[in-house]
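Single-letter residue listing:
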Amino acid sequence: MVKSYIPLTLDECLKILNQNEVKIVAGGTDMLIQNRSHTSMPIGFKTDVLYISNIEELKKIYEDEEFVYIGSCCSLEDIMENELVPVLLRDTILEMGSPAIRHTATLAGNIGNASPAGDSLVPMYLLDTLVEVRSINNVRKVALKDFITGVRRIDLNMDELITKVIIPKISYSNGYFKKVGPRLSDAISKLSFAGLYSVSNGVLKDIRFAFGAVNVTVVRRRELEEKLIGKKISEVKEMIEEILKWFEEDIKPIDDQRSNKEYRKKISLKLLRSFIENIE
Amino acid sequence: MAKIKFKLNGEFQEIYTNPSRRLLDVLRDDFNLTGPKEGCGEGECGACAVLMNGEIVNSCSVPFANVINKEIITIEGFSKTKRYEVIKDAFAEAGGVQCGFCTPGMIIATESLLNKNPNPTDFEIKIGLSGNLCRCTGYNLIIEAVKIAAKEGEGLW
């Protein structure tokens, strides 16, 4: 039978990670489903399990001048209701799961799961989010876009734990997240889009946009966004056909039970078009 | 295996069990509380809903390890409260119950919503119930029931 570890403090948790090979479980909303064989069957973890949701130190949300820090065991509902958290991310969380899921699921869990369809990842990529990772001997901060290395793959060593999600504070004129799914709640996205921009005197000071569920991970291309910064809104709108072409190769979705690649690509590009055409 | 202490429907409990069991199975098999039901078994239907520290959770996707020192209230425990009486009467008045399979979860969702927001708008009610599926009523009657409960139970939440 597999062993379960249930630490109550971070120190205790990091010691366990240092000495054992374990699967880490926070809220459990994905892990329990992924590790059961069939409805009503006991959960069958194949490796030892580390339950981190009783660690109070990881449930804090606070800020300094530059960043908002979100502990990795904060529930999505707590994050959604906290005014320190950027509105774009709070609005996105409202479209994730349902109240029952949001009371237990975590943001760090959405990162650790690294699903191509993870909704929170899209706004977090836009906001240049960082991940704080700790082991017993070390702390490091990694950009989220580098931390996620592929489909369900992250840059986390066996002795490490995600301890914080760190979001730079930025100001912008307008921004939104758009999810395309079959049901308002509890739906896994067919695709998603997030965009934000900042305008001053008719000139774009910043523009960011990203797509979810259309590649192995979130698609965002900062170097292309930079081509638009400093241009007048009217100039950017005239470039729309060219901008859509930039993503010809990056948007390469798959066919699966939720949607097909033609639909995903077509709607992603329509959402980008609508975002650019509505800049004001 | 681990010894896990928690509060269930107002009483302290301590059981020695596998922490990877689902809260739903512990409630139904060890405590014979069959109000929470397994519908989808993957967190999408809300039939297994219970209150954890006053907030709705799906007991099919909560590992028992996460229940340490928490307070769990099932529909059985909640049915001893005045708030339950108000919600029950509202569901009866609106006709928000047909086959009844989703009803324990719907009532838990209503309590969790009103506890946070005693005067919800229509949109807020829809969000509050959005994780609970009902295949009989078409939802409008349940939304109506929540409105009646909020009105009749004014001051209770």
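Residues numbered from 1 in each chain as written. Chains lettered and ligands numbered in written order. Predicted model: local features only at pLDDT ≥ 70, side-chain atom pairs only at ≥ 80, totals over all residues.

This part is about the overall build of chain B. Looking only at helices and strands, chain B has six helices and five strands in total. By the compact-globule yardstick of 15 Å for 157 residues, chain B fits well, its C-alpha radius of gyration being 15 Å. Counting only C-alpha atoms and orienting by the principal axes, one finds that chain B spans roughly 45 × 30 × 25 Å. Burial analysis of chain B (157 residues in total) assigns 50% to the buried set. (Helix = DSSP H or I, 4+ residues; strand = E, 2+ residues; numbered from the N terminus. Rg over C-alpha atoms; globule rule 2.2 N^0.38 Å. Buried ≥ 20, exposed ≤ 12 C-beta atoms within 10 Å, placed from the backbone.)

The next thing to look at is the interface of chain B and chain A. Across the boundary between the two partners, chain B contributes 26 residues, which contact 25 residues of chain A. The residue makeup of the side of chain B that touches chain A, split by class, is nine nonpolar, eleven polar and six charged. (Contact = placed C-beta atoms within 7 Å. Nonpolar A, V, L, I, M, F, W, Y, C, P; charged D, E, K, R; others polar.)

Residues and elements named next belong to chain A. Split into domains, chain A comes out as domain 1 (4–168) and domain 2 (174–277). Measuring from the centre of the C-alpha atoms in domain 1 to the corresponding centre in domain 2 gives 26 Å. Of all the secondary-structure elements, those providing two or more residues to the side of domain 1 that touches domain 2 are helix H4 (87–94), helix H7 (121–126) and strand S8 (148–150). Ranked by residue count, the leading element in the side of domain 1 that touches domain 2 is H7, at five residues. Tallied by class, the residues present in the side of domain 1 that touches domain 2 amount to eleven nonpolar, four polar and three charged. (Domains from an automatic or database assignment.)

This paragraph deals with the environment of leucine 204 of chain A. Residue and element names in this part refer to chain A. Structurally, leucine 204 can be placed in strand S13 (residues 203–212). Spatially, the C-alpha atom of leucine 204 lies 31 Å from that of glycine 181, the residues being 23 residues apart in sequence. Not counting residues within four places of it along the chain, the set of residues in contact with leucine 204 comprises Tyr197, Val199, Leu228, Ile229, Gly230, Lys231, Ile233 and Val236.

In this section: the domain arrangement of chain B. All names here are of chain B. When the domains of chain B are assigned, the result is domain 1 (2–78) and domain 2 (82–152). Inter-centroid distance (C-alpha atoms) of domain 1 to domain 2 is 21 Å. Domain 1 puts 15 residues into the contact, and the matching count from domain 2 is 14 residues. Top contributing element to the side of domain 1 that touches domain 2 by residue count: strand S3 (residues 49–52), with three residues.

Another point: the sheet that holds S3 of chain B. All names here are of chain B. Spatially, five strands are ordered S2-S1-S5-S3-S4 in an open sheet, and the strand pairing comes out mixed. Taken across any chain shown, the strands that pair with only one partner, and hence form the sheet edges, are strand S2 (11–17) and strand S4 (55–58). On average, each strand axis in the sheet is tilted by 40 degrees relative to the strand beside it, whichever way the strands run. Two elements, strand S1 (residues 2–8) and S2, share seven bridges in a ladder whose sense is antiparallel. Considered in S2, the bridge of lysine 5 is made with glutamate 14. (Pairing = 2+ DSSP bridges. Axes fitted to C-alpha atoms, helices over the stretch in contact; angles between N-to-C directions.)

Residues and elements named next belong to chain B. Tracing the backbone through its elements, the reader meets isoleucine 108 in helix H4 (residues 103–116). The exposure class of isoleucine 108 is buried, given the 28 C-beta atoms found within 10 Å. Taking the C-alpha atoms as reference points, isoleucine 108 and asparagine 18, 90 residues apart in sequence, are found 26 Å from one another. Dropping the residues within four chain positions of it, isoleucine 108 is found in contact with Ala49, Val50, Leu51, Ile56, Ile75 and Phe78.

Two residues of an α-helix separated by three or four positions point the same way, owing to the 3.6 residues in each turn. Residue and element names in this part refer to chain B. Relative to the 20 Å expected for 14 residues at 1.5 Å per residue, H4 spans 20 Å between its end C-alpha atoms, a close match to the ideal helical length. In terms of residue burial, H4 counts as a mostly covered element, since twelve of its 14 residues are buried. Within the span of H4, buried status applies to Thr103, Pro104, Gly105, Met106, Ile107, Ile108, Ala109, Thr110, Glu111, Ser112, Leu113 and Leu114. (Expected span 1.5 Å × (residues − 1).)

Residue and element names in this part refer to chain A. Judged by pairing direction, the sheet is antiparallel, and its five strands sit side by side in the order S4-S5-S10-S6-S7 without closing on themselves. Edge positions in the open sheet fall to strand S4 (61–63) and strand S7 (139–143), since each of these has one partner strand only. Between one strand axis and the next, the sheet turns by 25 degrees as a mean value, whatever way the strands run. With three bridges connecting them, S4 and strand S5 (residues 67–71) associate as antiparallel partners. Residue pairing across strands places tyrosine 62 opposite tyrosine 69, the latter belonging to S5.

Generally speaking, nonpolar side chains in soluble globular proteins are found buried as a group. Leu50, Ile52 and Ala210 of chain A together with Ile108 of chain B are the most contacted members of the largest nonpolar core, which has 124 residues in total. Once residues lying within four places of it in the same chain are set aside, the contact partners of alanine 210 of chain A are Val122, Tyr125, Leu126, Ala194, Val218, Val219 and Arg220 of chain A. (Core = buried A, V, L, I, M, F, W, Y, C linked by C-beta atoms within 7 Å.)

Below, the discussion takes up the packing of H4 of chain B against helix H6 (residues 140–152) of chain B. All names here are of chain B. Axis separation between H4 and H6 bottoms out at 11 Å; the angle between their running directions is 45 degrees. With respect to H6, the element H4 is oriented oblique. Regarding H4 and H6, the two cross each other, and that crossing is right-handed. Contacts between H4 and H6 involve Met106, Thr110 and Leu114 on the former and, on the latter, Ile142, Val146, Ala149 and Ala150. The residue makeup of the contact of H4 with H6, split by class, is six nonpolar, one polar and no charged. (Parallel < 35°, antiparallel > 145°, perpendicular 65-115°, else oblique. Left-handed = near helix turned anticlockwise from the far one by under 90°.)

Residues and elements named next belong to chain A. Here strand S12 (residues 191–200) lies mainly inside the structure; seven of its ten residues are buried. As judged from the seven bridges shared by strand S11 (residues 174–180) and S12, these two strands associate in the antiparallel manner. Across the sheet, residue valine 180 finds its bridge partner in S12, namely leucine 191. Where S12 and S13 come together, nine bridges link them in antiparallel fashion.

Moving on: helix H1 (residues 23–30) of chain B. Residue and element names in this part refer to chain B. Residues of H1 that are buried: Leu23, Leu24, Val26 and Leu27. Those residues of H1 hidden inside the fold are in contact with S2. In the segment just after H1, asparagine 32 is the residue with positive phi, at about 55 degrees.

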